[in-house]
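# Reading the structure
Here is how the chains run, residue by residue.
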Amino acid sequence: DAGITQSPRYKITETGRQVTLMCHQTWSHSYMFWYRQDLGHGLRLIYYSAAADITDKGEVPDGYVVSRSKTENFPLTLESATRSQTSVYFCASSEISRARRYEQYFGPGTRLTVT
Amino acid sequence: AQTVTQSQPEMSVQEAETVTLSCTYDTSESDYYLFWYKQPPSRQMILVIRQEAYKQQNATENRFSVNFQKAAKSFSLKISDSQLGDAAMYFCAYIVGQGGSEKLVFGKGTKLTVNP
């Protein structure tokens, strides 16, 4: 199906483990984003990517790593998970044309719990 | 710091009535985009309405409209004829940056309850 998908939808992991959250979009959007959502903070940008092999930090990048070898995929890795990274993670994408670029389409989210 | 402030953590409205959610923002840019997103219990983020700052006319989408006051940096969302399905978290957001580094900055959200 067309759209933006995230996997897994739910994940429980232990402190210190490496975890990778996957994001896949079928629109060939150039821009992709990772956000985390926590109570009292709204959505905060972790990393974003303007195109394959181009990534940049957002507001809260510490403890996270991203890569973008293909336009359609934008995985987010927690190298050594901490309890403070317990959150709901959203992936989003947007088109490059000025008229549409700022309209971001969100995936369904991944609820991550670090114990 | 560029910020978005939603001063109402929670709001409630009776079905079929009108409710207004407030949002203020801080930016030094003259051309930017503003958004309202809806997040129902399913967690899916859904774009409700978008406003381009250089347009003076307020955006409307069916029962949703905005009151955009550029000088006051205010961007409120009005929901008319409220329906039970409008119950959700609503987030105000705007775009910062330019030249390929544009990013959305979100407010902390307003939880809207619709009473039957």
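Our subject is the structure that appears above.
Residues numbered from 1 in each chain as written. Chains lettered and ligands numbered in written order. Predicted model: local features only at pLDDT ≥ 70, side-chain atom pairs only at ≥ 80, totals over all residues. Heavy atoms only, no water.

We now examine the sheet that holds strand β3 (residues 19-25) of chain A. Residues and elements named next belong to chain A. Taken together, the four strands give an open sheet; going across it, the order is β1-β3-β8-β7, and neighbouring strands pair in antiparallel fashion. The sheet terminates laterally at β1 (4-7) and β7 (64-66), the two strands that pair on one side only. Each strand of the sheet is rotated relative to its neighbour by a mean of 20°, with strand direction disregarded. (Pairing = 2+ DSSP bridges. Helix = DSSP H or I, 4+ residues; strand = E, 2+ residues; numbered from the N terminus. Axes fitted to C-alpha atoms, helices over the stretch in contact; angles between N-to-C directions.)

Turning next to the state of the cysteines. All names here are of chain A. The full count for this structure, using the stated rule, is two disulfides over all chains. Disulfide partner of Cys23: Cys91, at an S-S distance of 1.8 Å. Across the S-S bond linking Cys23 and Cys91, the dihedral sits near -75°, which makes this disulfide left-handed. Pair noted here: Cys23 is in strand β3 and Cys91 is in strand β9 (residues 87-94), with a separation of 68 residues, a long-range link. (Disulfide = S-S within 2.5 Å.)

In this section: the side chain of Gln39 of chain B. Tracing the sequence through the fold places Gln39 of chain B in strand β5 (residues 33-39). Looking at Gln39 of chain B, the relative accessible area reads 7%, which means it is buried. Only 3.0 Å separates the side chain of Gln39 of chain B from the backbone oxygen of Arg43 of chain B, close enough to count as a polar contact. In contact with Gln39 of chain B, not counting residues within four places along its chain, are Gln37 and Phe90 of chain A together with Gln44, Met45, Ala88, Met89 and Phe91 of chain B. (Buried < 20%, exposed > 50% of the residue type's maximum accessible area, 1.4 Å probe, protein only. Polar contact = N/O pair within 3.5 Å; in protein donor to acceptor, adjacent residues only side chain to side chain. Contact = heavy atoms within 4.5 Å.)

Glancing now at the interface of chain A and chain B. Often, the extent of an interface is quoted as the loss of accessible area upon association of its parts. Each partner contributes residues to the interface: chain A has 28 residues there, and chain B has 20 residues. Buried area between chain A and chain B, summed over both chains or domains, comes out near 2100 Å², and the portion from carbon and sulfur atoms is 50%. In terms of surface lost to chain B, no three residues of chain A exceed Leu43, Tyr102 and Phe106 of chain A, which account for 29% of the buried area on that side. For the interface between chain A and chain B, the tally reads one salt bridge. Taken together, the connections running from chain A to chain B amount to five residue pairs in polar contact (both at pLDDT 80 or more). Taken together, the elements giving at least two residues each to the side of chain A that touches chain B come down to β4 (31-38), β5 (42-51), β9, α1 (98-101) and β11 (110-114) of chain A. Of the residues belonging to the side of chain A that touches chain B, the class tally is 14 nonpolar, eight polar and six charged. (Buried area = accessible area lost by both parts, 1.4 Å probe. Salt bridge = Lys/Arg side-chain N within 4 Å of Asp/Glu carboxyl O. Nonpolar A, V, L, I, M, F, W, Y, C, P; charged D, E, K, R; others polar.)

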